[in-house]
Amino acid sequence: MHGMTTALPSGSWTHSFEEDADGIEVYRPTATFAFPPSRKGRKVLEFGTPAGAMAQGAATLTSMAPGPDDRPRAGPVTRLVPLGMGRYALGDGAGAQDVIDIVEATPDVLRLARR
């Protein structure tokens, strides 16, 4: 696969749950992918870096999920801690950590697994 990487993506990615398989979640670029209509809301992941000199080099992830009225609701901004080989720890303020593995990241698709 030409152009495939496991580097951390940037920007907004929307869950294309129809393409999920074998524990791998598939996300597509929010702004450019034509998602099929769905009654089930779609989760969105926003990758970015916080503003400010103190936050330089820190990557963040904000998850958005459909709220009770179907409008997306943003969760807390989570700091991404690189663990190597495309693996990142998601830390929250309470000290709990989840881990995501970037299986594939290209301009058109993001595939990840949660641990």
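Residues numbered from 1 in each chain as written. Predicted model: local features only at pLDDT ≥ 70, side-chain atom pairs only at ≥ 80, totals over all residues. Heavy atoms only, no water.

Draft legend 1. Broad picture of the overall build of the protein chain. The helix and strand tally for the protein chain stands at zero helices and eight strands. Across the protein chain, helices and strands are ordered from the amino to the carboxyl terminus as β-β-β-β-β-β-β-β. Expressed as a percentage of its 115 residues, the buried residues of the protein chain come to 35%. Sequence-distant contacts in the protein chain: of pairs separated by 6 or more residues, those separated by 24 or more amount to 36%. For the protein chain, the exposed area adds up to about 7200 Å²; of that, 56% sits on carbon and sulfur atoms. (Helix = DSSP H or I, 4+ residues; strand = E, 2+ residues; numbered from the N terminus. Buried < 20%, exposed > 50% of the residue type's maximum accessible area, 1.4 Å probe, protein only. Contact = heavy atoms within 4.5 Å. Areas by Shrake-Rupley, 256 points an atom, 1.4 Å probe, with all protein chains shown as cover.)

Draft legend 2. Inspection of the pattern of salt bridges at higher detail. All told, the structure shown has nine salt bridges when counted by the stated rule. Taking the shortest distance from any N to any O, the salt bridge between arginine 28 and glutamate 19 comes out at 2.6 Å. Looking at glutamate 19, the relative accessible area reads 30%, which means it is partly exposed. Between aspartate 101 and arginine 115 there is a salt bridge, with its nearest N and O atoms 2.6 Å apart. Of this pair, aspartate 101 sits in strand S7 (residues 97-105) while arginine 115 is found in the segment after strand S8 (110-114), placing the two residues 14 residues apart along the sequence. For aspartate 101, a relative accessible area of 8% gives the class buried. (Salt bridge = Lys/Arg side-chain N within 4 Å of Asp/Glu carboxyl O.)

Draft legend 3. Highlighting unusual backbone geometry. Of note, aspartate 22 is a non-glycine position whose phi angle comes to about 50 degrees, a positive value. Tracing the sequence through the fold places aspartate 22 in the loop between strand S1 (11-15) and strand S2 (25-29). Given a relative accessible area of 80%, aspartate 22 falls into the exposed group. Phi at methionine 85 takes a positive value of approximately 55 degrees, unusual for a residue other than glycine. Positionally, methionine 85 belongs in the loop between strand S5 (72-84) and strand S6 (87-91). Overall, the relative accessible area of 82% leaves methionine 85 in the exposed class.

Draft legend 4. A look at the sheet that holds S2. The eight strands lie next to each other as S1-S2-S8-S7-S6-S5-S4-S3, forming a closed barrel whose pairing is antiparallel. When the angles between neighbouring strand axes are averaged without regard to direction, this sheet yields 35 degrees. Across five bridges, S5 lies against S6 in antiparallel orientation. Bridge pairing links leucine 80 to leucine 90 in S6. (Pairing = 2+ DSSP bridges. Axes fitted to C-alpha atoms, helices over the stretch in contact; angles between N-to-C directions.)

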